[in-house]
Amino acid sequence: MNQLPLISASESFRRHEILLTGGSGFLGKVILGLLLDRFPDFRHLHFFERPARGMSAEERFYRETLASPALSAIVERLGQDRLRDKVTVWSADLAHANCGVDPNGVEKLAGRVSLIINCAGKVDFFPPVDESFRSNVDGVENVLGLARSLGARLLHVSTCYVRGEADGLAEETEPVLGFYPHRHGPEDHSFRYRDEIAYCRERIRHITSGHGSNGTTLPSDVSQRLVALGRQRARHWGWVNTYTYAKSLGEQIVAAAGAGQDGGPALEYAIVRPAIVESALRFPFPGWIEGGRTAAPLVLMALGGLKDWPVQRDMPLEVVPVDLVAAAILVVAALLLEGRHQPVYQLATADVNPLEMEHLIHLLDREARRRTRARRNGHLSRALLERLAGTHPGARARFVSPAQARAKRRRLQQRLGRIESLLAKARRAWERTGLPGGQGLGAWSAAARALSLQAQFREQTLDTYLPFILYHRYIFESENIRSAYASMTEADRRRLPWDPESIDWDSYWIHNQIEGIERWIQPAAVKDWTFKI
Amino acid sequence: MSSAVQPAVEPASLEAQFLELVRDLLRELGSHRAAEALTLHSSFERDLGLGSLERVELLVRTEVRFQVRLPDEIAQQAETPAEWLRGLREGGQAQQGAQRYRIVQPARPAPPAPAGARSWVDVLRHHAEVEPDRVQIHLLEGDGGEDITYSQLLTRASEVAGGLLARGLRRDETVAIMLPTCSDFFYSFFGVMLAGGIAVPIYPPARPDRIEEYVRRQMSILRNAEVRFLISFAEVRAVSRIMRAGIPTLKDVTTAGALRELGVQASVSQRRGPAKPSETAFIQYTSGSTGDPKGVVLSHANVLANVRGIGWAVQFRSTDVVVSWLPLYHDMGLIGSWLFSVYFAAPITILSPLAFLSRPERWLWALHDSRGTLCPAPNFAYELCARKIRDESLQGLDLSAWRVAINAGEAVLPDTLARFAERFRPFGFRPESYVPCYGLAESSVALTFPPINRPPLIDRIRRDEFEREGRAVPAAPDEPNVLRFVANGTPLPGHEVRLLDEDGHPVGERVQGRIFFRGLSKTAGYYRNLPATAAVTTEDGWMDTGDLGYWAEGELFVTGRRKDCIIKSGRNIIPQEVEAAAGEAQGVRRGCIAAFGTVDPETGTERLVVVAETRATDSSERRRIEADIVQRIDAVLGIPPDRVELVPPQSIPKTSSGKIRRSEVRSLYERGKLEARTRPPWVQVTRLWARHFRSWVKLGAKTWASRLRHLGLSAMSLVIAGFCGVMARLVPGREGSARWARAGARWLLRLQGWQVTMRTANPVGGRRQAVFFANRSHRLDPVLLVAVLPSPVLLADGFAVNAAGVRTRFLLRPLLVRPAAQAQSPPGGTLRERIRAALGRGCSVVVTSEAPAGTPPELSRFRLDALHAAISTSSPMIPLRIEATSASRFIVAVGDPIEPVKCGQVPVTELRERLRRSIAGLGNGRP
């Protein structure tokens, strides 16, 4: 292997045109930024943008995507004219055939684009299954069809958590086709993605029949049934949520196309699976984060005073900074362009540098207590109520079993309910006397109400989190990306760093994660350390 | 409708007429003496020798004679003519048109089967979520019925599960279900599974007058199964104290209703994790076997594989409807009918065996009403329908939808097939519907299936060659002395069948051999009965069925059971033949004859003994019967039996499904105890009390002793783990701590009562450091490995150590590969660096598989870091396979080391594949 010449990413990008989908997402923007910043002389980029909020694709790209704090500095440096020269924005929608690009457009693109990087995807954990299918299954099929008609290769971004309940060590060598988390081994062929997709679509049609087409919104009971269907299909095969179920189906579509098993010509592809993508380590600047669907609630709960953690101490939390993921994707893109790629790349950190839950929770807890001490200016009513309800922020974090945690939460809810009803009674009595000062009591019940909402939020969040942090211990093998870097030139290795082993997790969580979340997500929530639902 | 109608005759003459009816029947059955002795208070069974089938006949005749319709129970429960008459007076109803329970056709075809389900709980949850309101069971009771949908089944089963959990049922404890066919059975069965227990369906007492034998027989099963709870009907609670005395593990005898109530109240939301396919789903006690009870342990994977196989064999269609009257404690009723329908979401119509026996036409009408397409039944059911149903009750019957008529569970007789097909052809029955197949409880239920839509294939072979040499030579069309066997088809997918001769060599085409099988549905063995398991399993995974058969034109023909086979003067005699011949004799109770061989030391061969039940007591009559039997057997076999023994009715023990227990008859015969009589119930209960009083008293003492012992053991292991753990931390050098930890681990194993055997081709652990790669088999693997590996080792995986519990964690923590001293990033270095450092210092390292719990050893997963470390220090990689042969016995097999230097050019993932293959290869008994 070492005899082969080193690959130069800058050389590859100078020679080939690339098409990026999902580029306006959290990860997509960082990929775009890295490409613009580190490889200013790249040949050409085609950018798929969906028109939205009354803006055309082009308007949206220049006014919204490039205006993001992650990109504005780079854009300023390069200048808009240069960008218009290098980047073509296409109005596209992955839910349609050829991604909604008209035949003329396809003709123009054909033969020019060598690689499609598909970062698009819906990341809600439990959406109505048809929505999840639209972007994670139909979208993949359409991108794939486009790649075939353009003669391009495909880099598909998936997620490590397609492992579902098959926890433990996740090997990159495990075949993608026919995988489902409860699979008994390589001889088990009971899962056929095509049958599953057909069945699920049939059920969707059955449920939505008589409720109009895609254009109109569905009544809530129908979408509830669609949510339940996704949950049920996922759980049936062993995926922890609809998102990872649909993502795995998407992967299998790509892998089948790669093997030429879907009737079309074989396709060159690479699947990149990041773990939980979190705030930037270095690029575009430390702490950049957007969306915050994954670890942000964990941070907010810890800082908001959650003390009883139903987690196993020695489970590692698989978090990976977004800029590392973006860099790795560009490296895989270069390898794919040179035809020296592997089918699967997992981008995770725990196999070299695990961060155990115990360490993380204590870290967050120390930070929470430090802040409480520094604050000291909360409402008296709130502080007293917290004492009464047993959630005073000065206490230390504890590790409890899920049953204990549930019992504690239930007791807390009961206590809060009792306090609330007492306050309401007192307030009514007070108002009947006609004396002034009823507002004071009103503030008290508002505080109690806020506390109970917070408790509910925690309940929901923990339920969403349980599969990751409680039942399943994952180690995602990330061997392929390491050997990929061994075949890159020194200059590219510096331009696109992948160094999870050198991350200092303490500093990352305090300075990048917490500060990033405070700065870029929910500023209002951070102000009072409560999290609005 | 339920208004009692007085038969239009005087009470006195009613009595007389009824007795005359019974007398006629007895005379027809050849029991003249009994007919004369008949009084109102003779016992049907003891004095008159009327078995359940004869009483069905009597029921039919009574109804015709008096123009009434009687409740079914009367045929099985009335003890004397007087009781029968009371039933006739009180419960007799005017004969009405056949009012049957209408069954609504399912509107939509069945949804796809849950192909990915890993357990039966998954299957039920799947269907309850996909189509909660789909009716699963139509339960027919009398003339009414009850529909059970998937969601009802799940909800009520969850309530039972809640009740069991609230009563303290723990994972993998057994719960016996002793219920007749009723809705509670279904709830209890899934309830036990949902609660994480193991269901043990056993057969319910049919008759109150058989308490002693019944309880004794069940007790040995319940003791063997170590049941914690018995779910039954309320009456059984009366004998629960006796049972508790005899069964030390039994906590309570309860009912499904009580459990459900408790489940609703307690609302225990304690749901266990999903069951793994390899976990035991339930234990099926075999009906046909002799001697000690043998509980066939069936895992979820076994039963799922079998049901999927049957679905393939019968080409299951989404519009299929199953009909069954088979008892639910029996494999064919439980798996072959009910669970099959649960899996494929086919509606099933279930009636009780009692309902079928008393009026066989009910079964056919149920098929008609539900447009049943698929129905399994044993041979005698077809015979009964062909012979015992009156033409009037068949008017309008339509069996044309019936496409799969499975005939299994006992020998399939060509004559029966012909008779049934002949009789029911006018009603739309087609002989192509017959599916005669072969199976046994050890292979869940089914093993071979013939192709469907083919009339049964019947092989006529010459008797002489077959009996002398075991060769099945096709007979000429006009040959008189022939044997006929029905083709049983080919093995289900995923199963293999082979026939071996006495020396263990495969036999050729058309030669009789012993049937061996293996495959996905094969049981792991008999529950807590290692000798019995070992007796029927071979080292390479085959199981001896004990049955005989031959191959012809690619299909299996089953010829008989080997353990019953009689070998006289070098000639194999099949007992069924002898019994059938003797059954023709006048005055013998048909079906109540046992033929067997006993070894005669004087001649060195077996003596053929025939035991037959007869009502005759008169000595000249008995002489006549004996002579008749001898003559008839001689006519068929060409040899007379050596001995004919006549015994009173009910002396020959039978299994729950009515098969003769020949070996038991033999042992009774050899001990001279054939003529045991049943005693009155109160005597039986008293005797039971007396027998179990002492053990009942001992029970309390024993519980306390075991508690104390347990306490002592855990205290000791705590002290040892503590002491060795402290020493391991105190002594300098890793070698020293490894030695202390190993000493501690060995003590822990000893206290646990574990035995670990090491199997190795070449001695492990010279002076050179190595990396050991082991699969995970148990929580305590790290302890086990540290204790048995000859050289002191370090451990790579902190998670495995932590998972093993506090004591182990304290003892083994010092052995974890420690962070290297020099500054590195991440702090302490990556796993690769740590292992490399340990190897560099000359310590061996154990790496355990990081696959999820329950993954088979051959699918173990290892960190590439460990392989990289071994390669960079050129340390050999040694595969280990840990296997548990019982709860406390383990085998550690050591494979050939893989030298990293030799394969330096090979990618590391290929090396890992080699390790995996090597571990897989270690499983086949190879060192």
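Please read these numbers as outputs of a predicted model, since none were measured by experiment.

## Describing the overall build of chain B
Then, in step 1: In terms of helices and strands, chain B carries 30 helices and 35 strands.
Then, in step 2: Residues classed as buried in chain B amount to 56% of the 927 residues present.
Then, in step 3: A separation threshold of at least 6 residues defines the contact pool for chain B, and within that pool the share at least 24 residues apart is 71%.
Then, in step 4: Total accessible area computed for chain B in this model is approximately 38,500 Å², and 53% of it derives from carbon and sulfur atoms.

## With respect to the overall build of chain A
Then, in step 1: When you go through chain A residue by residue, the secondary structure sums to 20 helices and 13 strands.
Then, in step 2: Looking at the 533 residues of chain A, the share that counts as buried comes to 57%.
Then, in step 3: Here the analysis covers contacts within chain A between residues at least 6 apart in sequence; of these, 83% occur between residues at least 24 apart.
Then, in step 4: Summed over its atoms, the accessible surface of chain A is roughly 22,200 Å², and 51% of this surface lies on carbon and sulfur atoms.

## Some details on the interface of chain B and chain A
Then, in step 1: Contact with chain B, which involves 35 residues of that partner, is made by 37 residues of chain A.
Then, in step 2: Counting across the interface, chain B meets chain A through 6 salt bridges.
Then, in step 3: At the boundary of chain B with chain A, the tally comes to 16 residue pairs in polar contact (both at pLDDT 80 or more).
Then, in step 4: At the level of elements, α6 (120-130), α26 (798-803), α29 (864-872) and α30 (908-921) of chain B are the ones that each hand at least two residues to the side of chain B that touches chain A.

## A look at the pattern of salt bridges
Then, in step 1: Taken as a whole, this structure holds 84 salt bridges over all chains when the rule is applied.
Then, in step 2: Here Glu-883 of chain B ties to Arg-881 of chain B by a salt bridge, and the two come within 3.4 Å at their closest N and O atoms.
Then, in step 3: Classification of Arg-881 of chain B as buried rests on a relative accessible area of 7%.
Then, in step 4: In this structure, Arg-916 of chain B and Glu-913 of chain B form a salt bridge, with 2.6 Å as the shortest nitrogen-oxygen distance. In this pair, Arg-916 of chain B and Glu-913 of chain B are both assigned in helix α30, 3 residues apart and thus about one turn of the helix distant.
Then, in step 5: A residue is classified by how much of its surface remains accessible, and Glu-913 of chain B, at 29% relative accessible area, is partly exposed.
Then, in step 6: Within the structure, one salt-bridge network assembled from shared partners comprises Asp-351, Arg-473, Glu-479 and Arg-482 of chain A together with Arg-832, Glu-850, Arg-863 and Asp-865 of chain B.

## Focus: the confidence of the model for chain A
Residue and element names in this part refer to chain A.
Then, in step 1: Taken residue by residue, chain A gives an average pLDDT of 84. The fraction at 70 or more is 90%.
Then, in step 2: Looking at the elements of chain A, mean pLDDT is at its lowest for helix α20 (residues 523-528), recorded as 44, and at its highest for strand β11 (residues 344-347), recorded as 96.
Then, in step 3: Under a pLDDT of 50 for its full length, residues 524-533 has, in the predicted model, 19 contacts with residues more than four places off or in other chains.

## A closer look at the nonpolar core
Grouped burial of nonpolar side chains is what soluble globular proteins tend to show.
Then, in step 1: Of all hydrophobic cores here, the largest spans 123 residues; its most connected members are Trp-120, Phe-282, Trp-338, Trp-363, Leu-364, Trp-402 and Phe-424 of chain B.
Then, in step 2: No other element matches helix α13 (residues 331-344) of chain B, which puts 9 residues into this core.
Then, in step 3: Two domains each donate at least three residues to this core, and these are domain 2 (120-449) and domain 3 (458-561) of chain B.
Then, in step 4: Discounting chain neighbours no more than four positions away, the residues touching Trp-363 of chain B are Val-323, Trp-325, Leu-351, Phe-356, Cys-375, Ala-377, Ala-381, Tyr-382, Cys-385 and Trp-402 of chain B.
Then, in step 5: Among the nonpolar cores identified, the runner-up in size contains 108 residues, and Leu-303, Leu-306, Val-320 and Ile-510 of chain A belong to it.

## What to know about unusual backbone geometry
Then, in step 1: In the segment running from Phe-283 of chain A into Pro-284 of chain A, the intervening peptide bond is cis, with an omega of -10°.
Then, in step 2: Tracing the backbone through its elements, the reader meets Pro-284 of chain A in the loop between β8 (276-278) and α11 (296-303).
Then, in step 3: Of note in the backbone geometry, Arg-371 of chain B takes a positive phi value of approximately 50° without being a glycine.
Then, in step 4: Position of Arg-371 of chain B relative to the elements: it lies in the loop between α15 (361-369) and β13 (374-377).
Then, in step 5: Overall, Arg-371 of chain B belongs to the partly exposed group, its relative accessible area being 31%.
Then, in step 6: Despite not being glycine, Arg-510 of chain B has its phi angle at roughly 60°, a positive value.

## Considering the sheet that holds strand β31 (residues 771-774) of chain B
Residue and element names in this part refer to chain B.
Then, in step 1: Taken in spatial order, the 6 strands line up as β30-β35-β34-β31-β33-β32 in an open sheet, and their pairing is mixed. Each end of this open sheet is capped by a strand with a single partner; those strands are β30 (755-760) and β32 (793-795). Neighbour to neighbour, the strand axes of the sheet diverge by 25° on average, direction disregarded.

## Quick word on the environment of Gly-439 of chain B
All names here are of chain B.
Then, in step 1: Along the chain, Gly-439 turns up in the loop between β15 (434-436) and β16 (448-449).
Then, in step 2: In sequence terms Gly-439 and Thr-545 are 106 residues apart; their C-alpha atoms lie 9.4 Å from each other.
Then, in step 3: Contacts of Gly-439, omitting those with residues within four sequence positions, involve Val-445, Ala-446 and Leu-447.

## Overview of helix α4 (residues 69-78) of chain A
Owing to its 3.6 residues per turn, the α-helix brings residues three or four apart onto one side.
Residue and element names in this part refer to chain A.
Then, in step 1: Ala-70, Leu-71, Ile-74, Val-75 and Leu-78 are the residues of α4 that are buried. Taken down its axis, α4 places every buried residue within 105° of arc, on the same side. In α4, the exposed positions angled more than 90 degrees off the buried face are occupied by Ala-73, Glu-76 and Arg-77.
Then, in step 2: Tucked inside the fold, the buried residues of α4 contact α2 (26-38), α3 (57-65) and α5 (80-86).
Then, in step 3: Within two residues after α4, Gly-79 carries a phi angle of roughly 90°, on the positive side.

## Re the packing of aromatic side chains
Then, in step 1: Scanning the entire structure with this criterion turns up 54 aromatic pairs over all chains.
Then, in step 2: Consider the rings of Tyr-161 of chain A and Phe-476 of chain A, whose centres lie 5.2 Å apart with planes at 80°: the pair is edge-to-face. Placement of the pair is Tyr-161 of chain A in the loop between β5 (153-157) and β6 (168-170) and Phe-476 of chain A in strand β13 (residues 474-476), with a sequence separation of 315 residues. Of the two residues examined, Tyr-161 of chain A and Phe-476 of chain A, each falls in the buried class.
Then, in step 3: The structure contains a cluster of three or more aromatic residues connected by ring pairs, namely Trp-325, Phe-356, Trp-363, Tyr-382, Trp-402, Phe-420, Phe-424, Phe-427, Phe-429 and Tyr-434 of chain B.
Then, in step 4: Positioned above the aromatic ring of Tyr-62 of chain A, the side-chain terminus of Arg-84 of chain A is 4.0 Å from the ring centre.
Then, in step 5: Directly above the aromatic system of Phe-42 of chain A lies the positively charged group of Lys-86 of chain A, at a separation of 5.2 Å from the ring centroid.

## Comments concerning the sheet that holds strand β7 (residues 269-274) of chain A
All names here are of chain A.
Then, in step 1: Reading across the sheet, the 7 strands line up as β3-β2-β1-β4-β5-β7-β11 and stay open at both edges, with parallel pairing between neighbours. The open sheet is flanked by β3 (87-91) and β11, the only strands paired with a single partner. With direction set aside, neighbouring strand axes in the sheet form an average angle of 20°.

## A few points about the side chain of Thr-244 of chain A
All names here are of chain A.
Then, in step 1: Turning to its location among the elements, Thr-244 is positioned in helix α10 (residues 242-258).
Then, in step 2: Polar contacts involving the side chain of Thr-244 include one to the side chain of Asn-241, which spans 2.8 Å.
Then, in step 3: Beyond its immediate sequence surroundings of up to four residues, Thr-244 is in contact with Thr-159, Tyr-161, Val-162 and Trp-239.

## A short note on the packing of helix α24 (residues 734-752) of chain B against helix α25 (residues 781-788) of chain B
Between two packed helices, what matters for the description is the angle formed by their axes and the separation of those axes.
Residue and element names in this part refer to chain B.
Then, in step 1: For the pair α24 and α25, the least separation of the axes is 8 Å and the interaxial angle reads 115°. Comparing their axes, α25 and α24 come out roughly perpendicular. In this structure, α24 crosses over α25, and the sense of that crossing is left-handed. Here Ala-741, Arg-742, Ala-745, Arg-746, Leu-748 and Leu-749 of α24 come into contact with α25, specifically with Val-783, Leu-784, Val-786 and Ala-787.
Then, in step 2: Each residue belonging to the contact of α24 with α25 can be placed in one class, and the counts come to 8 nonpolar, no polar and 2 charged.

## As for helix α12 (residues 322-338) of chain A
Residue and element names in this part refer to chain A.
Then, in step 1: Taking 1.5 Å of rise per residue, 17 residues should cover 24 Å, and α12 covers 25 Å from first to last C-alpha, within 8% of that figure.
Then, in step 2: Counting buried positions over the 17 residues of α12 gives 16, a clear majority of the element.
Then, in step 3: Where α12 terminates, the next one or two residues include Gly-339, which has phi positive at roughly 75°.

The rules behind the values
Residues numbered from 1 in each chain as written. Chains lettered and ligands numbered in written order. Predicted model: local features only at pLDDT ≥ 70, side-chain atom pairs only at ≥ 80, totals over all residues. Heavy atoms only, no water. Helix = DSSP H or I, 4+ residues; strand = E, 2+ residues; numbered from the N terminus. Buried < 20%, exposed > 50% of the residue type's maximum accessible area, 1.4 Å probe, protein only. Contact = heavy atoms within 4.5 Å. Areas by Shrake-Rupley, 256 points an atom, 1.4 Å probe, with all protein chains shown as cover. Salt bridge = Lys/Arg side-chain N within 4 Å of Asp/Glu carboxyl O. Polar contact = N/O pair within 3.5 Å; in protein donor to acceptor, adjacent residues only side chain to side chain. pLDDT = per-residue confidence, 0-100. Core = buried A, V, L, I, M, F, W, Y, C linked by side-chain atoms within 4.5 Å. Domains from an automatic or database assignment. Pairing = 2+ DSSP bridges. Axes fitted to C-alpha atoms, helices over the stretch in contact; angles between N-to-C directions. Arc of directions from axis to C-beta. Phe/Tyr/Trp six-rings, centres within 6.5 Å; stacked < 30°, edge-to-face > 60°. Lys NZ or Arg CZ within 6 Å of the ring centre and 35° of its normal. Parallel < 35°, antiparallel > 145°, perpendicular 65-115°, else oblique. Left-handed = near helix turned anticlockwise from the far one by under 90°. Nonpolar A, V, L, I, M, F, W, Y, C, P; charged D, E, K, R; others polar. Expected span 1.5 Å × (residues − 1).

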